[in-house]
Amino acid sequence: MAHIELKNIVKKFGSHTALDGLSLDIADGEFFVLLGETGAGKTTTLRLIAGLEKPTEGQVFIDGVDVAGWGAAERDVALVLQQYSLYPRYTVRENLAFPLKSKIRPHSKAEIDERIARAARTLRIEHLLDRKTDRLSGGEMQRVSIGRAIVRKPRVFLMDEPLSALDAKLREALRTELKNLQKQLGATFLFVTHDQIEAMSMGDKVAVLNHGRIIQSGTPQEIYNNPRDTYVASFVGSPPMNLIDGKLVSGRAVMTPTTFELPYAAPAGMASNPAEGQSLVFGIRPEDVHLEAGAPVEAKVHDVENHGVEKILTLRVGDTHLRATVPAQTSVVIEDAVRFAWNPQRVVLFDKASGRSLRHSA
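What you are looking at is a predicted structure, and each value in this text was computed from that prediction instead of being measured. (Residues numbered from 1 in each chain as written. Predicted model: local features only at pLDDT ≥ 70, side-chain atom pairs only at ≥ 80, totals over all residues. Heavy atoms only, no water.)

Q: For this particular structure, what's the right way to read the sheet that holds strand 8 (residues 188-193)?
A: Pairing in this open sheet of six strands is mixed, and the strands run 6-7-8-3-9-10 from one edge to the other. At either margin of the open sheet sits one strand with a lone partner, and together these are strand 6 (77-81) and strand 10 (213-218). Within this sheet the neighbouring strands show an average axis-to-axis angle of 15°, counted without direction. In the packing of helix 5 (residues 138-151) onto the sheet, the strands contacted are strand 6 and strand 7 (156-160), and the crossing angle to strand 6 comes to about 175°. (Pairing = 2+ DSSP bridges. Helix = DSSP H or I, 4+ residues; strand = E, 2+ residues; numbered from the N terminus. Axes fitted to C-alpha atoms, helices over the stretch in contact; angles between N-to-C directions. Contact = heavy atoms within 4.5 Å.)

This is the structure we're talking about:
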């Protein structure tokens, strides 16, 4: 286990800046998720911690020690990749044993056997130990890749989108298994993904990365309920937060005068209060939009998505579209006229020009 800290990291590849002033603090024993789109700088961050890249500027600390001069082997971290890093002609047992035969950290045969047996039990791959890895399914191969990391008992587990090549059902199962594994081991995990469902369901803490910068860091609930800007609001959540242009007029949210107006309740402790008539973006989660007879706004049903336990409706008000999550038994069809309201306590205000939430200080 280890405490990881990155301070003001800049990483350049020629004229391209992959990371720009990035700072992270990952507590000992924490499951920390770095969430971002392709090209955001997630893998570069992992490689810097692993010692496979050196920062152009800034410092990497492991347990309070600056590891700038340490090589990858000295840092004692395990990297699990999307592509299974296995030897296809070796058995599962031989693949698991391989990292334990390092000249830097040699182990006895008895200890190797004990570590393999424990990892195999933990990952439920005991029945595969004598099978060649080129005869395994994708999920089995990823379990073996994780097993290769576990047997080493590293200080830190670094996971680079390890589930993204798997089918949806297997991804869901392995999400639960990985989270349980982290709790069992009490280990520090840094997991990077572009999948916000993985981030929200697995992370103790989540950091949203965009163009090499951390936009927001916090618990999944903090980021979901109180996004720092419109980028985070639109990226985190499935379906994402509705973002609707409008203004505050006499304490009401006005998107289109008379046809699209809703009540608004200002929360306590807002970092800055909007001016009357200021151009704003109103953010509201789909689950906080409610269909009600006699509600203030009329809309047409533009689309209906059936998700089994619920339906996601796309509502159309003039040229504006927004989504509402409703119970599965709600009976609507496309082009039905419905009336809706929102929960005014759950509205997030963003400055139209900067995209920043008014709840957060600049």
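Next comes the rest of the write-up.
Q: Can you walk me through the layout of surface pockets in this structure?
A: Empty space among the atoms becomes apparent when a probe as large as a water molecule is rolled across them. In this model, the largest pocket occupies a volume close to 600 Å³. For the largest pocket, the lining is made up of 25 residues, of which Val-77, Ala-78, Leu-79, Pro-99 and Arg-152 are closest to its centre. Broken down by secondary-structure element, the contributors of at least two residues to the lining of the largest pocket are helix 2 (72-75), strand 6 and helix 5. Ranked by residue count, the leading element in the lining of the largest pocket is strand 6, at five residues. (1 Å grid on protein atoms, 1.4 Å probe; cavity = no way out; pocket = protein on both sides within 12 Å on 5 of 7 lines; lining within 4 Å. Points joined across faces, edges and corners; volume = space filled by probe spheres on them.)

Q: Quick question: what am I supposed to make of the pattern of salt bridges here?
A: Pairs can form between side chains of opposite charge once their charged atoms are near each other. This structure, assessed with the given rule, holds 20 salt bridges. Taking the shortest distance from any N to any O, the salt bridge between Arg-143 and Glu-177 comes out at 2.8 Å. One end of the pair, Arg-143, is in helix 5; the other, Glu-177, is in helix 6 (residues 168-185), with 34 residues separating them in the sequence. Lys-179 is the partner of Asp-204 in a salt bridge, and the nearest nitrogen-oxygen pair spans 2.8 Å. (Salt bridge = Lys/Arg side-chain N within 4 Å of Asp/Glu carboxyl O.)

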